[in-house]
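One-letter residues, chain by chain:
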Amino acid sequence: MDRDKNFPFPNDHEPDDETGSDELLSDENLRLPEGANILVRLHAVRAWLSRRRDETSIEVGEAALELQEIMQKEAVETRPRRRTHQFEAVQQPFQRVQKALAESQQRLNAYEEAQSILEDCVAHTSGERVLVEYYLTLEELVLQSQEQMDQTEDRSPWLDALSDVLHRIEHVGTPDEEL
């Protein structure tokens, strides 16, 4: 019996070799033709934002899991003498992972906020100006945040993520748009 003749639909358990449009449009090296429709450009920004949010969400989960494992290792050690010695050995990885978790959460918040702002711009702006308005709104938010940022802080993962979004809009925006 020929399986493909009798079952023309792909088996859900087999890996799918086809690449979806979201995956293609979210590619970092995407090059859209000059005449690409605004809806394609908008979809490219949405797909990229969604991919970045998903990747960052995974980073948050991995950091939280690593933090949990460190805390479990620390709790297993019950002898007081070894516990003091191990406290210093565990403290550095704990602080490193805690910092990574906080930074991932800030980036995740930035991507979620950027998605929300994009949807607001789509709802309130029509036609070719959507990406321009989106860019200007994000740029204003970044500038306001930089002004309010504490001078002792050299970088902010939240601002870095929003800057990445601005670069993505520049990358997929039409050449004749003034961003």
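These numbers were taken from a predicted model, which means no experiment stands behind them.

This part covers the pattern of salt bridges. Pairing between side chains becomes possible if they bear opposite charge and their charged atoms approach one another. Taken as a whole and assessed by the stated rule, the structure comprises 8 salt bridges. A salt bridge links R52 to D164, with the shortest nitrogen-to-oxygen separation between them at 3.3 Å. Of this pair, R52 sits in helix α3 (residues 38-76) while D164 sits in helix α6 (residues 157-172), and the two are 112 residues apart along the sequence. Residue R52 is classed as buried on the basis of its relative accessible area, which comes to 17%. Measuring nitrogen to oxygen at the nearest pair gives 3.1 Å for the salt bridge that ties R96 to E66. With R96 in helix α4 (residues 80-124) and E66 in helix α3, this residue pair connects regions lying 30 residues apart in the sequence. For E66, a relative accessible area of 31% corresponds to the partly exposed category.

A word on the side chain of S145. As for its position among the elements, S145 is in helix α5 (residues 130-148). Those residues in contact with S145 that sit more than four places away from it in its chain are W158 and L159.

So, on to the packing of aromatic side chains. A complete count under the given rule lists 1 aromatic pair for this structure. Taking 6.2 Å as the distance between ring centres and 85° as the angle between the ring planes, the aromatic pair formed by W48 and Y111 counts as edge-to-face. Here the residue W48 occupies a position in helix α3, and Y111 occupies one in helix α4, the gap between them amounting to 63 residues. Overall, the relative accessible area of 1% leaves Y111 in the buried class.

Glancing now at the packing of α5 against α6. Look at α5 against α6: their axes get within 10 Å of each other, and the N-to-C directions meet at 155°. In this view, α5 runs roughly antiparallel relative to α6, as classed from their interaxial angle. Seen along the crossing, α5 lies across α6 with a hand that is left-handed. Between α5 and α6, the contacting residues are L131, Y134, Y135, L138, E139, L141, V142, S145 and Q146 on the first element and W158, L159, L162, V165, L166, I169 and E170 on the second. Split into classes, the residues belonging to the contact of α5 with α6 amount to 12 nonpolar, 2 polar and 2 charged.

A separate point is the nonpolar core. Residues L49, Y134, L138, L162 and V165 are the most contacted members of the largest nonpolar core, which totals 30 residues. Those elements giving two or more residues to this core turn out to be α3, α4, α5 and α6. A total of 8 residues in this core trace back to one element, the largest contributor, which is α6. Those residues in contact with L162 that sit more than four places away from it in its chain are A110, A114, L138, L141 and V142. Listed in part, the 8 residues of the second largest apolar core include V60, A63, I70 and V97.

A few words now on the environment of M71. As for its placement among the helices and strands, M71 is situated in helix α3. Distance in space between the C-alpha atoms of M71 and F94 is 8.0 Å, their sequence separation being 23 residues.

So, about the confidence of the model for the protein chain. Considering every residue of the protein chain, the mean pLDDT works out to 80; 73% of them sit at 70 or more. The least confident element of the protein chain is helix α1 (residues 3-6), whose mean pLDDT is 48; the most confident is α6, at 92. Across residues 1-17 the pLDDT falls below 50, and counting only partners more than four positions away or on other chains, this stretch makes 3 contacts in the model.

Cut-offs used in this document
Residues numbered from 1 in each chain as written. Predicted model: local features only at pLDDT ≥ 70, side-chain atom pairs only at ≥ 80, totals over all residues. Heavy atoms only, no water. Salt bridge = Lys/Arg side-chain N within 4 Å of Asp/Glu carboxyl O. Helix = DSSP H or I, 4+ residues; strand = E, 2+ residues; numbered from the N terminus. Buried < 20%, exposed > 50% of the residue type's maximum accessible area, 1.4 Å probe, protein only. Contact = heavy atoms within 4.5 Å. Phe/Tyr/Trp six-rings, centres within 6.5 Å; stacked < 30°, edge-to-face > 60°. Axes fitted to C-alpha atoms, helices over the stretch in contact; angles between N-to-C directions. Parallel < 35°, antiparallel > 145°, perpendicular 65-115°, else oblique. Left-handed = near helix turned anticlockwise from the far one by under 90°. Nonpolar A, V, L, I, M, F, W, Y, C, P; charged D, E, K, R; others polar. Core = buried A, V, L, I, M, F, W, Y, C linked by side-chain atoms within 4.5 Å. pLDDT = per-residue confidence, 0-100.

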